[in-house]
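Analysis of the macromolecular model
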Amino acid sequence: MSLWLLFINEMKSFYKSKVMIVLWIGFPVISILLHYFQVGSEEMPVFALVGLIIASLGGTLATVILSTSIVGEKKEHVYELFLIRPVKRRNILLSKFFAVYSCLIVATVVALIFGFVIDVITSNIALSVMIKDTLKSVAISIAAMSISCSIGILIGTLSSSIALAAILSIYIGNQLSLISIMPSIFFPELDPLVFSIIVGVVATCLIWTLIILIFRRKQF
Amino acid sequence: MTENSDGAFIEFKNVSKNYKNIRALENISFMVEKGDIFGYIGPNGSGKTTTIKIIVGLIQDFEGEVLIRSKRVRKIRKDIHKILGYLPQEAGFQRWRTVSGILNTFGMLSGLPRNTLKKRIQDILELVGLEDVKNKKITHLSGGMVQKLRLAQALLHKPELLILDEPLSGLDPTSRYQVKKIIKELADEGKTIFLSSHILSDVQNIATRIGILNHGKIMKVGRPKDLQRDFKVGNDLEIIFSEGSKQCNDLDKVPGVESIEIINTNKLIAHLSPNSNIDECINTILAKILEQKCYIRNFNLLEPSLEEVYLKYVGGNIK
């Protein structure tokens, strides 16, 4: 009950935030540009590149947004009024995670569908191949962004300075999120879909275990 | 502590709390009775907020025992929100949210039914005087309005016990009057109110009992009148003479009188020695005045103000 309420609460703010509006427009534009200029190569197909860029850009933004907003809310003692009510500590953070993550997923899917439609119209590639590649890109992006969002929450939980949280998010968060993508790019024999999903789920679970343990001990 | 714990709504038993190497509370014991407006006063950093956070369950690692309605606060932490409303000293709200949006979320989290919540929010906003800004975002509110919103969320679910941490800080004089009035009305409805402040005047007109805290120790607990009486029993005698009455001499020579302070031509204060027999001393002074045929308009044993009591306990003179 409390998780759903808090999720709706966070969603109301995030989906219409300036950052999200940029992503709603920016992701499809990136997708169109990449397809238009055909920057892909045999080693890195366009779909993988779209997934990589969207996951990287969206992931960085998500990490920064989440970490700085949590530090800000900790500083302003926002959580005290939630914690004196029947709200589990972890639900405060999970609601943020799900709100930001679901907005990113929707933006990513919209961007890739955009690219897919353009490809269907303009290219000669078989439809079944395109659908498979699009789904691959979606899965890779979603897995990487799951790690990014979790790292954003972890940095926000640990840091007490907004500036430090932003710097850590940019320099560490983004790089770590790419662990789900890089191996399948450099080792083509690995199935990128399976590898991304496994790494994404495992890394997200590990980071969340750490977050819950740390946040449980926080004194408000 | 000689208080009887029967009927105690909140009871602290030998509670201590450390923050790393800092002793925030040291073995404090006191009780708050049902229906009390308990004024918890002490200078900044004396441990008031720590005490409050223990009551509301935000601090759980402390020594000693805290009981609410005779139940251990550690055990009833999950249910305590039903009877408790909390106005924190510092807590902020998410700045992008509207006033009514915040109250709606907190109302639902507190378990208020949806069908009555809207009406309840409207009533509360009218009570605290925020109905005109209900659709405004927090970022557009003044500090005083945010403080009123903190009070509104504490009252939303009609709790029996209100814990108010510096509720009057940041308010203008009119709002201070309004909030004090609300607190008195809530007490009249039978609610128990625990009210902290570092400013004595915030609590002295409304508190039915007062606890004075300094350096994490409870210095004194009692009703305001009792605190004044126990502190110093009338060691100053105010004498006001009639207009045109002649000067009265040699009062400083009366046994037991330490000194005479002349306030103006008609008024003086006789400072009596703490060890003197007050009744005997007063009679002798009176006899001396009548002997000199001076006319008295008023003769009054002065009690110390609550401010004097407070300053004495927090001013570093009490060991």
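Data block above holds the structure.
Below: a short report on this structure. (Residues numbered from 1 in each chain as written. Chains lettered and ligands numbered in written order. Predicted model: local features only at pLDDT ≥ 70, side-chain atom pairs only at ≥ 80, totals over all residues. Heavy atoms only, no water.)

**Quick word on the interface of chain A and chain B**
Convention followed: Two residues form a contact once any of their heavy atoms are found within 4.5 Å. Here the quantity called buried area is the accessible surface, traced with a 1.4 Å probe, that two parts lose on coming together, added over both. Should a side-chain nitrogen of Lys or Arg be within 4 Å of a carboxyl oxygen of Asp or Glu, the pair is scored as a salt bridge. Whenever a nitrogen or oxygen atom comes within 3.5 Å of another N or O atom, the pair is scored as a polar contact, on the condition that within protein one atom can donate a hydrogen and the other can accept it, and that pairs from neighbouring residues in sequence are kept only if both atoms are in side chains. In this text, helices come from DSSP runs of H or I with a minimum length of four residues, and strands from runs of E with a minimum of two, each type numbered from the N-terminal end. Note on residue classes: Ala, Val, Leu, Ile, Met, Phe, Trp, Tyr, Cys and Pro are nonpolar, Asp, Glu, Lys and Arg are charged, and everything else, Gly too, is polar.
Counting residues at the interface gives 22 residues for chain A and 24 residues for chain B. Here chain A meets chain B over a buried area of about 2,300 Å², counting both sides, of which 59% is carbon and sulfur. The largest share of the area that chain A buries against chain B comes from A:L81, A:I84 and A:R85, three residues that together contribute 29% of it. Between chain A and chain B we count two salt bridges in total. In this structure, B:K53 and A:E80 form a salt bridge, with 3.2 Å as the shortest nitrogen-oxygen distance. Taken together, the links from chain A to chain B amount to 11 residue pairs in polar contact (both at pLDDT 80 or more). Broken down by secondary-structure element, the contributors of at least two residues to the side of chain A that touches chain B are α1 (2–14) and α4 (80–83) of chain A. Considering every element that reaches the side of chain A that touches chain B, the biggest residue donor is α1(A), with six residues. A breakdown of the residues in the side of chain A that touches chain B according to their chemical character gives 11 nonpolar, five polar and six charged.

**Considerations on a nonpolar patch on the surface**
All names here are of chain A. Selection criterion: Here the term patch refers to residues with relative accessible area over 30% and no salt bridge, with like charges joined within 9 Å and nonpolar side chains (Val, Leu, Ile, Met, Phe, Trp, Tyr) within 5 Å. What sets the accessible areas is the Shrake-Rupley method with a 1.4 Å probe; for residues, cover comes only from the shown protein chains. Throughout this description, buried means an accessible area under 20% of the type-specific maximum (1.4 Å probe, protein chains only), exposed means over 50%, and partly exposed covers the range between.
On the surface, I113, V117, V120, I121, L127, I131 and L135 cluster together to form a nonpolar patch covering roughly 630 Å² of accessible area. Here the nonpolar patch takes four residues from helix α5 (residues 89–122), the largest share from any one element. Mapped onto the elements, I131 comes out in helix α6 (residues 127–158). Taking relative accessible area as the criterion, I131 reaches 38% and is therefore assigned partly exposed.

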